[in-house]
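Report on the structure
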Amino acid sequence: MLEGLFAAKHCGLHPIKINVVVERGVNDDDIIDLVEFSRKNGFAIRFIEYMDVGNSNNWTSEKLVAKKEILDIIDARYPLREVGRDKGSAPSMDYEFIDGRGEIGVIASITEPFCSTCTRGRLTADGKLVTCLFSATGYDLKALLRNGATDEEIIEIVSAIWRKRTDRYSDERLEAMNSGRGYRAKDHKKIEMITLGG
Ligand code: SF4
């Protein structure tokens, strides 16, 4: 991975963003090392709260390192200033270092979900349109293609799917976590993230 990063930098790509999922007991004590690596080399890290994607990552809330804790750790060593979300609706809340040496972002899907501004559809390799990262099913666009649907018909169908979409999985997760009833990831079957992309 490091070779790839430095090869991209050598080719002049900018910005180069590194996604880091923070999991308690696994890499939460590496946060400052990662920040220093990115500051030194001109990369931009996106710290991501550990999420219950798919069915097999054994997510529990105890493994979560919340955005506030991530920021407190970094800010205590390298003070930060909030910049905001790219285009006002990107998943990452961005921050710049007050000393001018780079930036970071935090994607807080668990503690600060952003379903109300989500515009992300995903297309699986086998042709399913999935309207939420945590969906259990998708819409079979491949079958439409194989059955000879025109571009206009497919556009109309995709538009109709998107218009009636009501996904707010992360909002509902937070509501459950904050309620007395709690939240168990294994009660919610989902498509595996490896088939969806990020
Ligand atoms: S949980 Fe689903 S609807 Fe909410 S932000 Fe994530 S992908 Fe979008």
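The following refers to the structure shown. None of these values were measured; they are calculated from a predicted model. (Residues numbered from 1 in each chain as written. Predicted model: local features only at pLDDT ≥ 70, side-chain atom pairs only at ≥ 80, totals over all residues.)

Let us look at the overall build of the chain. Check the secondary structure of the chain and you find 6 helices and 8 strands. Mapped from its N terminus to its C terminus, the chain presents α and β elements in the order α-β-α-β-α-β-β-β-β-β-β-α-α-α. C-alpha extents for the chain along the principal axes are approximately 55 × 50 × 30 Å. Every one of the 198 residues in the chain was classed for burial, and the buried ones make up 21%. Restricting the contact set of the chain to residue pairs at least 6 apart, pairs at least 24 apart contribute 59%. (Helix = DSSP H or I, 4+ residues; strand = E, 2+ residues; numbered from the N terminus. Buried ≥ 20, exposed ≤ 12 C-beta atoms within 10 Å, placed from the backbone. Contact = placed C-beta atoms within 7 Å.)

The environment of the ligand is made up of Pro113, Phe114, Cys115, Cys118, Arg120, Cys132, Leu133, Phe134, Asp167, Arg168, Tyr169 and Ser170. Residue composition of the shell around the ligand, by class: 8 nonpolar, 1 polar and 3 charged. (Near = placed C-beta within 6 Å. Nonpolar A, V, L, I, M, F, W, Y, C, P; charged D, E, K, R; others polar.)

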